[in-house]
Number of protein chains: 2
Amino acid sequence: MSITVLVVEDEPAIQDLISYNLKKSGLTPICASNAEQATVMINNVLPDLVLLDWMLPNMSGLEFARQLRRNTRTQVIPIIMLTARIELEDKISGLEAGADDYITKPFSPRELTARIKAVLRRRIPEISDEIIEAGGLRIDPATHRVLAYCDDSCSKYNEVKLGPTEFRLLHFLMAHKERVYTRTQLLDRIWGDHVFIEDRTVDVHIRRLRKVLEKVNKDNLVQTVRGTGYRFSSEKSAYDEE
Amino acid sequence: MSITVLVVEDEPAIQDLISYNLKKSGLTPICASNAEQATVMINNVLPDLVLLDWMLPNMSGLEFARQLRRNTRTQVIPIIMLTARIELEDKISGLEAGADDYITKPFSPRELTARIKAVLRRRIPEISDEIIEAGGLRIDPATHRVLAYCDDSCSKYNEVKLGPTEFRLLHFLMAHKERVYTRTQLLDRIWGDHVFIEDRTVDVHIRRLRKVLEKVNKDNLVQTVRGTGYRFSSEKSAYDEE
DNA sequence: GTGATTTGTCACAAAATTGTCATCTTATTT
DNA sequence: AAATAAGATGACAATTTTGTGACAAATCAC
């Protein structure tokens, strides 16, 4: 499945440039030169993201953004605005229109793709309702329950009581078990992008999660990777040795 | 091995100035006055970096940059654009052309070489999440685990416990195995460039790395190249013979 | 509303990591 | 073989990172 980006930009040179760089990053660009064209295209394919020039003929980028936000179907699509440096003061009105990020021209390709990826990453985390089992734990997002098996037979178990955040944290870590995430990554993916929150807060939630898991004898499932972050793993961690 | 920089600049005075400064920094300049010349040169020698004036006769710098990006062979070569300040402020300014950085004229020699080095350095540290195996070791950046196999069958192994720096050091050396790096290079690549750390500190970290590897019988993987630096190799080193 | 629960932050404790030194070893040169 | 240079090694203090309990604000349930 490919990720499509609707590029709304009237200047052909910049359009080409953006197209080129998106393709290089494995994204699929769909281009429109003005708001009218873009509106038509949106009716065909729902893009995963809109890259929108601030200055557009006829309708301003701002106006188009508002239009997107008004429609239920397009409401959730993230928008990145392209603006010239001088226009930057209008940032506030752009925010009101619901842009998720800004890129000021001139920009480097690196910056372009970095921002796009950041915004895409921040999207509501994939809420899969799949039941996940690992390390003697079973998490069921649909019923919002976590069971801790007492032994290998699946007969005896305890239910684990978690707060909302602890639940999401455990769910995320279990869904990507073995993989290490930094505190910032966890904040981005679990808390969302309103990151006014300290990195260290993650520690505290990890701590709370661990505390609950300890009560059902599921220690060491949530492991610290010093200097990096945390990981869910049913394997023993080298850091746990003494 | 010398690092070559293709300088595309029509004004002889500036060309000379740049040439002079590049040489002084140990880089090898190749000069061209226009895009046509530059195209020919590129066919002869692939430069490590292109320093490109924005304003060129016949073909604009932007156009030449695009041309480079279109060709697979030259696609990855970093480009630094030279632009007058007035052009930069201009909306149409084409830094977006796929340049990796830009320098506004007038510039100081110090800035010139600093930018070049920064861009060149950025080239390599693409730390991918790829699993690397070599010499009976397996390093997995995603899970942040290092396994040492006990024998050739991949069945038995020990996990190796490394501190953050040791991990990065091992990862870097394994990612470029067989290749020798000086202490300064290692400091630049692993610690970052703005550090004011003694060269000797690298020795200590190498030592720590070795110590851990010895515990799992993986001696001689990190080898000393006397008078130069260190290298990761699964081959025996000539220095280890007696 | 009231009381329970959840949440983010802080302060302090505990633990691990890191850079530097002084001192040995080992190689290279003279 | 002595002198010199380069690297190895162990110790150590400073710094950084993480763990942990407490607390107040915010939220939720009723």
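In the block above lies the structure referred to throughout.
Criteria and cut-off values
Residues numbered from 1 in each chain as written. Chains lettered and ligands numbered in written order. Predicted model: local features only at pLDDT ≥ 70, side-chain atom pairs only at ≥ 80, totals over all residues. Heavy atoms only, no water. Near = heavy atom within 4 Å. Polar contact = N/O pair within 3.5 Å; in protein donor to acceptor, adjacent residues only side chain to side chain. Helix = DSSP H or I, 4+ residues; strand = E, 2+ residues; numbered from the N terminus. Nonpolar A, V, L, I, M, F, W, Y, C, P; charged D, E, K, R; others polar. Phe/Tyr/Trp six-rings, centres within 6.5 Å; stacked < 30°, edge-to-face > 60°. Buried < 20%, exposed > 50% of the residue type's maximum accessible area, 1.4 Å probe, protein only. Axes fitted to C-alpha atoms, helices over the stretch in contact; angles between N-to-C directions. Parallel < 35°, antiparallel > 145°, perpendicular 65-115°, else oblique. Left-handed = near helix turned anticlockwise from the far one by under 90°. Contact = heavy atoms within 4.5 Å. Core = buried A, V, L, I, M, F, W, Y, C linked by side-chain atoms within 4.5 Å.

A. Structural detail: the protein's contact with DNA strand C. For DNA strand C, the set of nearby residues contains 26 residues, the closest of which are Thr201 and Arg208 of chain A together with Thr165, Thr201 and Arg208 of chain B. Restricting the count to atoms of DNA strand C within 4 Å of the protein gives a sugar and phosphate share of 69%. The side chain of Thr165 of chain B places a nitrogen or oxygen atom 2.2 Å from a phosphate oxygen of DNA strand C. At 3.0 Å, a backbone N or O of Glu198 of chain B approaches a phosphate oxygen of DNA strand C. Secondary-structure elements contributing two or more residues to the surface near DNA strand C are helix 6 (164-175) and helix 8 (200-215) of chain A together with helix 6 (164-175) and helix 8 (200-215) of chain B. Broken down by class, the residue content of the surface near DNA strand C amounts to 10 nonpolar, 7 polar and 9 charged.

B. Just the packing of aromatic side chains, in detail. Residues and elements named next belong to chain A. Counted under the stated rule, the structure contains 4 aromatic pairs over all chains. Ring centres of Tyr149 and Tyr157 lie 6.1 Å apart, and the angle between their planes is 90°; on these two criteria the pair is classed as edge-to-face. Geometrically, the ring pair formed by Phe172 and Tyr181 is edge-to-face, given 4.8 Å between the ring centres and 65° between the ring planes. Summarising the burial analysis for this pair, Phe172 and Tyr181 share the class buried.

C. Region of interest: the protein's contact with DNA strand D. In the region of DNA strand D, 25 residues are neighbours, and Arg207 and Thr224 of chain A together with Arg207, Thr224 and Tyr230 of chain B sit closest. Residue Arg226 of chain A places a side-chain N or O atom 3.2 Å away from a base oxygen belonging to DNA strand D. Every element with two or more residues in the surface near DNA strand D is listed here: helix 8 and strand 11 (222-225) of chain A together with helix 8 of chain B. Grouping the constituent residues of the surface near DNA strand D by class yields 3 nonpolar, 6 polar and 16 charged.

D. A look at the packing of helix 6 of chain A against helix 7 (residues 183-191) of chain A. All names here are of chain A. Between helix 6 and helix 7, the shortest axis-to-axis distance is 10 Å and the interhelical angle comes to 110°. One finds that helix 6 runs roughly perpendicular with respect to helix 7. Crossing geometry of helix 6 relative to helix 7 is assigned as right-handed. Seen from helix 6, the contacting residues are Thr165, Arg168, Leu169, Phe172 and Leu173; seen from helix 7, they are Leu186, Arg189, Ile190 and Trp191.

E. Summary view of the nonpolar core. Grouped together as the largest cluster of nonpolar side chains are 29 residues, with contacts concentrated most on Leu137, Leu170, Leu173, Leu186 and Phe232 of chain B. Counting only elements with at least two residues in this core, the list comes to strand 6 (132-134), strand 7 (137-140), strand 8 (145-149), helix 6, helix 7 (183-191), helix 8 and strand 12 (229-232) of chain B. Ranked by residue count, the leading element in this core is helix 6 of chain B, at 6 residues. Once residues lying within four places of it in the same chain are set aside, the contact partners of Leu137 of chain B are Ile132, Val146, Leu147, Ala148, Leu170, Met174, Leu213, Lys218, Leu221 and Phe232 of chain B. Counting residues in hydrophobic clusters, the runner-up holds 28 residues, among them Leu170, Met174, Tyr181 and Ile206 of chain A.

F. Looking closely at unusual backbone geometry. Residue and element names in this part refer to chain A. One non-glycine residue with positive phi stands out, namely Glu178, at about 80°. As for its placement among the helices and strands, Glu178 is situated in the loop between helix 6 and strand 10 (181-182). Glu178 sits in the buried class, given a relative accessible area of 19%. Positive phi outside glycine occurs at Asn217, with the angle close to 60°. Topologically, Asn217 is positioned in the loop between helix 8 and strand 11.

G. Highlighting the environment of Asn217 of chain B. What makes Asn217 of chain B exposed here is its relative accessible area of 65%. Sequence-wise, Asn217 of chain B and Ala148 of chain B are 69 residues apart; in three dimensions their C-alpha atoms are separated by 8.4 Å.

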